[in-house]
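One letter stands for each residue in the lines below.
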Amino acid sequence: MGDSLRNSAVIVGVGESEIGKVPHMTGLGLNAQAAKRAIEDAGLRPADIDGLFTAYSFTEPYFMLGSVLAEYLGLKPNLCASIVVGGASPAAMIGHAAAAIAAGRARAILICAGENRATGLSRDQAVSALAAVGHPYFEAPYGAFIPSLYGLVANRYMHEYGITSEQMAAVAVQSRRHAALHPNAHMRTPIEVSDVLAAKRISDPLGVLDCCLISDAGGAIVVAHPDLAKDQRKAPAWLFGLGEHHTHEHLIAAPSLTEFGASVSSKIAYDMAGVSPDDVDFAELYDCFSIVPIIEAEEVGLCGRGEAGLHFAEGHAAFDAKLPINTHGGMLSHAHAGAAGGLFGVIEAVRQLRGECGARQVAKRDLALIHSEGGIMSSHCTLLLGRDRR
Amino acid sequence: MPFANADAAEYWRSAEKEELALQKCKGCGAARFPARHLCPVCWSDQAEWSRASGRGTIYAATVVRRAPSPEYKDMVPYVLALIDLEEGPRMITNLVGDGALNWRIGDAVRVTFERRVDGVMPQFELVGNG
Ligand SMILES: [Zn+2]
């Protein structure tokens, strides 16, 4: 594998839809709004797009979502697919896009994701969406759903490494502080650790403020051949490294609840980029639940085992601190709508690398790490994006 | 009983008889769960069913306090647990019976069976508290 895809592609445009409760738009409409903004941000025209990747939707009844979205947008790409590895889908799509660009199959690939999950789901649909990740025969009949499966992960991780509920709460508090500095974030009202601990309990040790939002939201990026970036107004974000690793889908089949695929996916990404965790300036970590960025920060080597909880609790994850994490507010406070959740971490990293983030701008912005996971810590993808070709 | 498909029919037939059954690989000897066409360790497609001891320990657990759907409303709070069976495989179950809410990681558990309108579900209870 080596450095085969290092510098093979750049992200030239990013866009977010309206976020929050957006009842006047469909899921496809949110994707289209984000796509238009991303293509404009890239300084490209729709006709320049010759590839399209998207993920899945729980709110709209379409099969072949990639083709559906291309039809909706009036695009006729040479490469088109829906790629589904849960929350890791957008990051994985960037890998597939880079490989396709390196192989000469496309030059400008639009990656879209999003759903109208806050206003477009009936209660029954919302329930089936939450249960969809549990094994239909051997987990779901016991009343297992996504928050309780992550409750099991949190319980074991706390047992092994001494992570506390207060440290997990600090993740949610930090995310909210960052979201307050993001003009498009869904939830911007400040919270404190005591609020998180006192919030309605969902599945021990997780309360409702430990759980990601349910938003209407769409995101989009354009991944392009580096030649296309030469004349652009805005600086591209270079893809230095990426790695995936998939260990299971259902929690009963997870090899471990204390070591996950992120350690492998990040190693592949670091090796490709020729960097180490010490070189990372800031990170955007998938945060469907407050325990998850703690585990990921340790797995990808940004913190030692059992130390990431303190990293958040002591304020080191703030945008102006030692190692900023989830500078847009993450899925806990910025937005979560299907596969768009992971995409917003990528969008934030690109904006931070460009220096566009105003009140929440990080100081050191040469190298960003993005990690996304899907399922119950099942499918992992790590990306390393940077400011200049290396 | 949820879905007695071709892979798992024997598992659910055994549950009806209040027995916990596992597939055991004839190639490498590994017990596996859930049942499937081939061994995920050695890819042998030869397996036999054998009765499990029904003994295990708690690897992780959570008390569910908000029901995922209306049919679980009357059950909350209930315990969802990951159980390591003596034979090796890990299962998800509810902890049922007295003292279930006072579980601890590492506690010994044993299988029991719950009759539902649509069939019999293996469940687990704490040993010594039941
Ligand atoms: Zn075998």
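Undergrad: Any chance you could explain the interface of chain A and chain B here in plain terms?
TA: Accessible area lost upon the coming together of the parts serves often as the stated size of an interface. Listed per partner, the contact involves 31 residues of chain A and 35 residues of chain B. The contact between chain A and chain B buries some 2,900 Å² in all, and 63% of this surface belongs to carbon and sulfur atoms. Interface area lost by chain A to chain B is led by Phe138(A), Tyr142(A) and Ile252(A), which between them contribute 28%. Connecting chain A to chain B are one salt bridge. Notably, a salt bridge pairs Arg65(B) with Asp204(A), separated by 2.9 Å at the nearest N-O pair. Summed over the shared surface of chain A and chain B, the number is 16 residue pairs in polar contact (both at pLDDT 80 or more). At the level of secondary structure, the elements contributing two or more residues to the side of chain A that touches chain B comprise helix H4 (123–131), helix H5 (146–161) and strand E5 (201–203) of chain A. With seven residues, the single largest contributor to the side of chain A that touches chain B is H5(A).

Undergrad: Sorry if this is basic, but what is going on with the sheet that holds strand E4 (residues 108–116) of chain A here?
TA: Working definition: the strands of a sheet are paired by backbone hydrogen bonds and lie parallel or antiparallel to each other. All names here are of chain A. What the nine strands build is an open sheet, ordered E3-E2-E4-E7-E1-E8-E11-E10-E9; its pairing is mixed. Strand pairing shows two members of the sheet lacking a second neighbour, strand E3 (79–82) and strand E9 (282–285), which therefore form its edges. Strand-to-strand twist in this sheet, taken as the mean axis angle between neighbours without regard to direction, amounts to 25 degrees. Here strand E8 (residues 237–246) runs beside strand E11 (residues 379–386); their pairing, made up of eight bridges, is antiparallel. The residue bridging Gly243 from the neighbouring strand is Thr382, located in E11.

Undergrad: Sorry if this is basic, but what is going on with helix H12 (residues 340–354) of chain A here?
TA: In an α-helix, one turn spans 3.6 residues; hence positions three or four apart end up facing the same way. Residue and element names in this part refer to chain A. Spanning 15 residues, H12 covers 21 Å between terminal C-alpha atoms, matching the ideal 21 Å at 1.5 Å per step. Most of H12 is tucked away, with 15 of its 15 residues classed as buried. Immediately downstream of H12, the backbone of Gly355 shows phi near 80 degrees, a positive value.

Scoring rules and cut-offs
Residues numbered from 1 in each chain as written. Chains lettered and ligands numbered in written order. Predicted model: local features only at pLDDT ≥ 70, side-chain atom pairs only at ≥ 80, totals over all residues. Heavy atoms only, no water. Contact = heavy atoms within 4.5 Å. Buried area = accessible area lost by both parts, 1.4 Å probe. Salt bridge = Lys/Arg side-chain N within 4 Å of Asp/Glu carboxyl O. Polar contact = N/O pair within 3.5 Å; in protein donor to acceptor, adjacent residues only side chain to side chain. Helix = DSSP H or I, 4+ residues; strand = E, 2+ residues; numbered from the N terminus. Pairing = 2+ DSSP bridges. Axes fitted to C-alpha atoms, helices over the stretch in contact; angles between N-to-C directions. Expected span 1.5 Å × (residues − 1). Buried < 20%, exposed > 50% of the residue type's maximum accessible area, 1.4 Å probe, protein only.

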